[in-house]
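Chain residues, written in single-letter form:
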Amino acid sequence: MSKSVCGFTLIELLVTLAVAAIVLSVAVPSFQSQILNNRSVSLGEDMASAINLARSEAVKRATRVAICASKSGTDCDGEWTDGFIVFIDSATKDTDPVPVVGTILKVWDGLDVRAVITAKSDTDDVTFIRYTGLGTLARVKEKQIVVTAQMKKCTLKAARKITVGLSGMVSIENATCTAS
């Protein structure tokens, strides 16, 4: 009577481990790239949400509401990549060159260190976006504001280009990642 032994030989186990290592070495970088692209899309959507919140609060409250870059979460004291706040703007006029932070409505902080956000009106950097009580942009010189949000080393069209027209309307479109 012969005994039948079930199991794996050492060679079979080593071949299986080698194949698994090869598959993982190909799949993991692709998976990391996909996660980075999703974070890039999410960053752009968060920025567009913040801008839309500022506009809707301005209309709802019938007063100036602004969004600005904020490192502290209480003042306009940072770069867009540090975080941003939406607040009631207590400036005396729509055309004041600097916002005056009143009641803070929402804070976005703790952004990923790989986040890259730029805001421009034509070629000029924009440090804040102010809405009037009618929901239109304040302090504009016949130029729309374009905000680009992406993560460093994202790929393909995972970046977001957010355009704020003079009427205050926000539009979002996919953009090619350029930050490295």
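Scope of this entry: the structure provided in the associated data block. All values reported here derive from a predicted model rather than from experimental measurement.

The next thing to look at is the overall build of the chain. Each helix and strand in the chain was counted, giving one helix and nine strands. Traced from its N-terminal end to its C-terminal end, the chain shows the element sequence α-β-β-β-β-β-β-β-β-β. In terms of overall dimensions, the chain has C-alpha extents of about 100 × 30 × 25 Å along its principal axes. Every one of the 180 residues in the chain was classed for burial, and the buried ones make up 36%. Across the chain, contacts joining residues at least 24 apart in sequence account for 56% of those joining residues at least 6 apart. Looking at the chain as shown, the accessible area adds up to about 10,600 Å², and 58% of this sits on carbon and sulfur atoms. Mean positive and mean negative side-chain charge positions of the chain (20 and 18 charges, respectively) differ by 3 Å.

Before going further, it helps to examine the sheet that holds strand β2 (residues 83-89). If you walk across this open sheet you meet the four strands as β3-β2-β1-β6, and the pairing is antiparallel. Edge strands, defined here as strands with exactly one partner in the open sheet, are β3 (101-109) and β6 (128-131). Between one strand and the next, the sheet's axes are offset by a mean angle of 15°, whatever the strand orientation. In terms of strand pairing, strand β1 (residues 65-69) meets β6 through four bridges, oriented antiparallel. When the sheet's bridge partners are listed, V65 is paired in β6 with Y131. Running over the sheet, helix α1 (residues 10-61) touches β1, β2, β3 and β6 and is turned about 155° from β1.

Let's shift gears to the environment of N37. Relative to the helices and strands, N37 is located in helix α1. Classification of N37 by relative accessible area gives buried; the value is 11%. N37 sits 40 residues away from D77 along the chain, and the two C-alpha atoms are 28 Å apart. Those residues in contact with N37 that sit more than four places away from it in its chain are C154, T155 and A158.

Let us look at the layout of surface pockets. Rolled over the atoms, a probe with the dimensions of a water molecule shows which regions are left empty. By volume, the largest pocket amounts to about 270 Å³. Surrounding the largest pocket, 14 residues form its lining, S121, V126, R139, V140 and K141 being those nearest its centre. Taken together, the elements giving at least two residues each to the lining of the largest pocket come down to β5 (124-125) and β6. Here the lining of the largest pocket is composed, by residue class, of seven nonpolar, one polar and six charged. Of the pockets and cavities examined, the second largest pocket occupies roughly 160 Å³. Around the second largest pocket sit A69, G78, E79, W80, T81, I117, T118, A119, K120, D125, V126 and T127, which together line it. Counting residues per element, the lining of the second largest pocket draws most heavily on strand β4 (residues 115-121), which supplies four residues. When the residues that make up the lining of the second largest pocket are grouped by side-chain class, the tally is five nonpolar, four polar and three charged.

Here R160 lies in strand β8 (residues 159-164). The sequence separation of R160 and A115 amounts to 45 residues, and the corresponding C-alpha distance is 12 Å. Apart from the residues lying within four places of it in its own chain, the contact partners of R160 are V41, G44, E45, V147, T148, A149, I172, E173 and N174. There is a polar contact of 3.3 Å between the side chain of R160 and the backbone oxygen of K157.

Within the largest apolar cluster, 29 residues are counted, with the highest numbers of intra-cluster contacts made by M47, I51, I67, I129, Y131 and V147. The element contributing the most residues to this core is α1, with eight residues. Each residue touching V147, except ones within four places of it in the same chain, is listed here: M47, I51, I117, T118, A119, I129, R160, K161 and I162.

Calculation notes
Residues numbered from 1 in each chain as written. Predicted model: local features only at pLDDT ≥ 70, side-chain atom pairs only at ≥ 80, totals over all residues. Heavy atoms only, no water. Helix = DSSP H or I, 4+ residues; strand = E, 2+ residues; numbered from the N terminus. Buried < 20%, exposed > 50% of the residue type's maximum accessible area, 1.4 Å probe, protein only. Contact = heavy atoms within 4.5 Å. Areas by Shrake-Rupley, 256 points an atom, 1.4 Å probe, with all protein chains shown as cover. Lys, Arg positive; Asp, Glu negative; His and termini not counted. Charge placed at Lys NZ, Arg CZ, Asp CG, Glu CD. Pairing = 2+ DSSP bridges. Axes fitted to C-alpha atoms, helices over the stretch in contact; angles between N-to-C directions. 1 Å grid on protein atoms, 1.4 Å probe; cavity = no way out; pocket = protein on both sides within 12 Å on 5 of 7 lines; lining within 4 Å. Points joined across faces, edges and corners; volume = space filled by probe spheres on them. Nonpolar A, V, L, I, M, F, W, Y, C, P; charged D, E, K, R; others polar. Polar contact = N/O pair within 3.5 Å; in protein donor to acceptor, adjacent residues only side chain to side chain. Core = buried A, V, L, I, M, F, W, Y, C linked by side-chain atoms within 4.5 Å.

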